[in-house]
Amino acid sequence: MATEMRVLITGAQGFLGRTLTAEWLEACPEAVVMGLGRSEARAGFTHDATRRGRAVPAPLPAAMQRSHASPRASYAAVDVLDRAALLRTLAAFEPHVVIHLAARLKDDAPADLVRVNVEGTLTLLDVCAGLPRRPRLVLGSSGAVYGEPVTLPLHEAAPFGPLAGLYALTRRTAEEAALLVARREGLHLCIARIFNPIGPGLDERHLPSRVAATLVDLADGVGEPVLRLGPLDGTRDFLDARDAATALRLIATRGEAGGVYNVASGVATPVGELVSHLVAAAGLTGRVQIESGARQPGDVPHHWADVARLRALGFTPRHALPETARHLIEWYRGIEWPQVAAAASAEPPLTVTVAPRFEYPVEIGAGLLDAVPARLLARLSTRRAVVVTDPRVGALYGERLMGGLAAAGFQATLCRIPEGEAAKCGEVWHGLIGDLHQAGFERRSTLLCLGGGLVSDVGGFVAATYMRGVPYVNVPTTLLAQHDGAVGGKVAINTDWAKNALGAFHHPSAVYCDPETLRTLDARNLAAGVAEALKVALTGDAHLFALLESDPAAVLEGRDVRLLERIVRRSAARKIALLAPDPLEIDLRRALNLGHTLAHALETELHYAGLLHGEAVAVGLAVATRVAQARGECPEPVAERILALLAAYGLPPRVPRERLFAALDRLSDIRRVRGGALHFVMPVAIDAVRIVPEVAPIELCRALESVAALAPAARIEVAA
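Keep in mind it's a predicted model, so treat the numbers as computed, not measured.

All right, on to the overall build of the protein then. Along its length, the protein carries 26 helices and 25 strands. For 720 residues, the compact-globule estimate of 2.2 N^0.38 gives 27 Å, and the protein sits close to it at 30 Å. By principal-axis analysis of the C-alpha atoms, the protein measures approximately 85 × 65 × 45 Å. Going through the 720 residues of the protein one by one, you find that 56% of them count as buried. Long-range pairs, those at least 24 residues apart, make up 81% of the contacts in the protein with a sequence separation of at least 6. Of the roughly 29200 Å² of accessible surface on the protein, 54% is carried by carbon and sulfur atoms. Computed over 75 positive and 77 negative side-chain charges, the separation of the two mean positions in the protein equals 1 Å.

Next up, the structure:
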């Protein structure tokens, strides 16, 4: 009896996904196929076809309808960017093979191209790496990654040429990132560079479908018998979608780990030849005038593939181009006019597309505090401002900043909020909103957050919620805030049950960091800032790690402003590199949660008193390091080096054992905040982390025992 093979296909309601599902079910009687896609299940493709100038939902070909009705086929509406839903689905289905076809096309919004093509790929790989039984993976890529050909035909080992646009860049980036992750995680991954598949359901942004739709209308007597096209002398590598599906199945079952395969015919076909086949299939030879236009900027004249590697897997195309052209024309003819008329009678839904863009300067330099009014004068259109700070920072720098603002012509008001993490609460937030109202704060006014992470968190949350969002600027005065809290737009307040449970993504208009203000910090606050910098270093900056190791005494004494400035600059730069492609923490930015899972639970358990945020992060870092070490993910020398660096700064603090273990009970609330998954981040090298979907309670307990037993010398002790 044949063994059941479970196949999962992303982008399953698209053109190639539908074709691949039908191919796999037909070729493998033992196969069970699950499709994933962003949209709900549809009877046809997820885009429209055109008949008589009107859009109609693109139907499935009859043969494909039968295969998709099979009890061996299923579908789930799961976005590849939804890590929690993706993990649940894959863990339940337990696929042997995953073929990733979900992607955005070249005319889509740039932000969507990056999120889906790059972040979606990395999210899928990360989830697969955490499955008990890891599937074989195929990443459906594009021949566009080669760019403008250096040599032809394009062999998989050929050097890349200049790229034509962001689409090709995101596909190339996804490939390279996926291969790196696969090697690191030991995943069996193949890359399939798909060139120009043709067949029923191909989106009309592609020439073959656009021409076929026009020709079928012309054959029905609709429209002027003229085809106005681009240049026809260029060459492309066209492949029937059914053959492309066969190739993907062979790559998935026979491809070598790390292998790259061109999915193409290996034939250089002039575009004019394809058009001639379509004209003939429509019965319009000699009856249609074809006008050839100029080449578009960035268009590559010639592009076709070497397919020797694919043929070595046993691949031979079954469908010649004239047959493919007939197949496409027949499909358009099958979209009957009554269907079009019925579809046209219903008003299509409206679509809202929002592509936010966040861009603001993060300036770092000694003496910058006194230059802030001039920076604001040049950057802002308003001269109305409110400065929010706490009593300690207000006494040190508040009047100084207020004087500078007055001299620059600003009408400014100073508001104070209490010190300490306990002030990140609803009462303080509400009180500050009342202060803004009393001060006559308007929508175009600017809120200046002068202080540590508490001030930027509360002030930023006020800015996010007052009048549905007003501008704010961060002027951080602690080490932790300068490189972490003030940058990234995560603003929040705490609740009794969880830290940062009420919050938003609301990015500042600017961030101005003056390392001179760090001279007034005590060693404890500086050490807390180092803990966050260490977290950032572990996500990918070995130089920053070494910088933190270089002179702990100088950092703790606050006497070397130049060293502090370097730490702030490198830490902020690394954080920006992670959040820039992921401003809403969908995927890449989650690495910055290293040390925070347990830290947030511990802060909540201690009711936000007695422990600085960076100190809680230090506890979380030590626990994450011990968990990774016990799993064999983090080599012992690396783990000991991390713990030694923490110890050099008097970290982690001593927390009563019973409070440490009580914090574990708070993790259930964190799961709710994170959509049911813990997403535990572990260090695996001095400059690399791994995100796992779950950690067993026994692992955390053992790690906590180890951390609680660390030598107490020079460490802060938190009262029970």
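So, next bit.
Moving on, we get to helix α13 (residues 391–407). With 17 residues, α13 ought to run about 24 Å at 1.5 Å a step, and its terminal C-alpha atoms sit 23 Å apart, in line with that. Its axis deflected by about 55° at Y397, α13 carries its strongest bend there. If you check which residues of α13 are buried, you get V393, G394, Y397, G398, L401, M402 and L405. Buried residues along α13 sit in contact with α12 (372–379), β17 (384–389), β18 (411–416) and β19 (446–451). For α13, the N-terminal capping position is held by D390, with its side-chain oxygen 3.1 Å away from the main-chain nitrogen of R392.

On to the packing of helix α6 (residues 207–219) against helix α10 (residues 321–333). Geometrically, a packed helix pair is captured by the angle between its two axes and the distance between the axes. Two numbers describe how α6 lies on α10: the axes approach to 9 Å, and their chain directions differ by 55°. The orientation of α6 relative to α10 falls into the category oblique. Relative to α10, the crossing made by α6 is right-handed. Residues P208, S209, A212, A213, L215, V216 and A219 of α6 form the contact with α10, whose own contacting residues are L328, I329, Y332 and R333. Considered class by class, the residues forming the contact of α6 with α10 number nine nonpolar, one polar and one charged.

Burial within strand β25 (residues 688–692) is extensive, with five of its five residues counted as buried. Residues A688, R690 and V692 of β25 are buried on one face, and the alternating residues V689 and I691, pointing to the opposite face, are buried as well. Across five bridges, the pairing between strand β24 (residues 680–685) and β25 is antiparallel. Along β25, the bridge assignment pairs P683 with V689. The turn joining β24 and β25, which pair antiparallel and follow one another in sequence, is formed by two residues.

For β17 and β18, the ladder comprises six bridges, and the chain directions are parallel. When the bridges of β18 are listed, V388 appears paired with C415. Following the chain from β17 across α13 to the adjacent parallel β18, one finds a crossover that is right-handed.

Turning next to the sheet that holds strand β13 (residues 260–263). Across the sheet, which stays open at both edges, the seven strands sit in the order β5-β2-β1-β6-β7-β8-β13 with parallel pairing between neighbours. Of all strands in the sheet, those bounded by a partner on one side alone are β5 (73–77) and β13. Strand after strand, the sheet turns through a mean of 20° between neighbouring axes, direction not considered. With four bridges joining them, strand β1 (residues 5–10) and strand β6 (residues 97–100) adopt parallel strand pairing. Paired with T10 across the bridge in β6 is H100. Sheet contacts for helix α5 (residues 166–185): β7 (136–142) and β8 (189–194); angle to β7, the most-contacted strand, approximately 160°.

Structurally, L376 is set in helix α12. Along the chain, L376 and E256 lie 120 residues apart, while their C-alpha atoms are 57 Å from each other. Once residues within four sequence positions are removed from consideration, L376 is found in contact with L405, F410, L448, V473 and Y512.

Summary: where empty space remains is shown by rolling a probe the size of a single water molecule over the atoms. According to the stated counting rule, one finds four cavities of 30 Å³ or more in the structure shown. If you add up the space inside the largest cavity, you get close to 40 Å³. When contributions to the lining of the largest cavity are tallied by element, the ones reaching two or more residues are α21 (596–605), α22 (613–631) and β24. Among the residues forming the lining of the largest cavity, the class breakdown is five nonpolar, five polar and no charged.

Looking now at the packing of helix α4 (residues 110–129) against α5. The interhelical angle for the contact between α4 and α5, taken along N-to-C directions, is 15°, at an axis separation of 9 Å. Comparing their axes, α5 and α4 come out roughly parallel. The hand of the α4/α5 crossing is right-handed. Along the contact surface, α4 presents P110, L113, V114, N117, V118, T121, L122, L125 and A129, while α5 presents L166, Y167, T170, R171, T173, A174, A177, A178, V181, A182 and E185. Of the residues that constitute the contact of α4 with α5, the class distribution is 14 nonpolar, four polar and two charged.

Quick reminder: α-helices carry 3.6 residues per turn. Residues three or four places apart thus point the same way. Among the residues of helix α8 (residues 271–281), V271, G272, L274, V275, L278, V279 and A281 are the ones counted as buried. G283, located one to two residues past α8, shows a positive phi value of around 75°.

Between L152 and P153 the backbone carries a cis peptide bond, its omega angle lying at -5°. Structurally, P153 can be placed in the loop between β7 and α5. Cis geometry marks the peptide bond from L651 to P652; its omega dihedral reads -5°. Examined against the element boundaries, P652 turns out to sit in the loop between α23 (636–648) and α24 (657–662). Even without being glycine, M467 reaches a positive phi, approximately 55°. In this fold, M467 is placed in the loop between α15 (453–465) and β20 (472–476).

Scoring rules and cut-offs
- Residues numbered from 1 in each chain as written.
- Predicted model: local features only at pLDDT ≥ 70, side-chain atom pairs only at ≥ 80, totals over all residues.
- Heavy atoms only, no water.
- Helix = DSSP H or I, 4+ residues; strand = E, 2+ residues; numbered from the N terminus.
- Rg over C-alpha atoms; globule rule 2.2 N^0.38 Å.
- Buried < 20%, exposed > 50% of the residue type's maximum accessible area, 1.4 Å probe, protein only.
- Contact = heavy atoms within 4.5 Å.
- Areas by Shrake-Rupley, 256 points an atom, 1.4 Å probe, with all protein chains shown as cover.
- Lys, Arg positive; Asp, Glu negative; His and termini not counted.
- Charge placed at Lys NZ, Arg CZ, Asp CG, Glu CD.
- Expected span 1.5 Å × (residues − 1).
- Bend = angle between axes of the 7 residues up to and from the residue.
- Polar contact = N/O pair within 3.5 Å; in protein donor to acceptor, adjacent residues only side chain to side chain.
- Axes fitted to C-alpha atoms, helices over the stretch in contact; angles between N-to-C directions.
- Parallel < 35°, antiparallel > 145°, perpendicular 65-115°, else oblique.
- Left-handed = near helix turned anticlockwise from the far one by under 90°.
- Nonpolar A, V, L, I, M, F, W, Y, C, P; charged D, E, K, R; others polar.
- Pairing = 2+ DSSP bridges.
- Right-handed = clockwise from strand over helix to strand, strands pointing away.
- 1 Å grid on protein atoms, 1.4 Å probe; cavity = no way out; pocket = protein on both sides within 12 Å on 5 of 7 lines; lining within 4 Å.
- Points joined across faces, edges and corners; volume = space filled by probe spheres on them.

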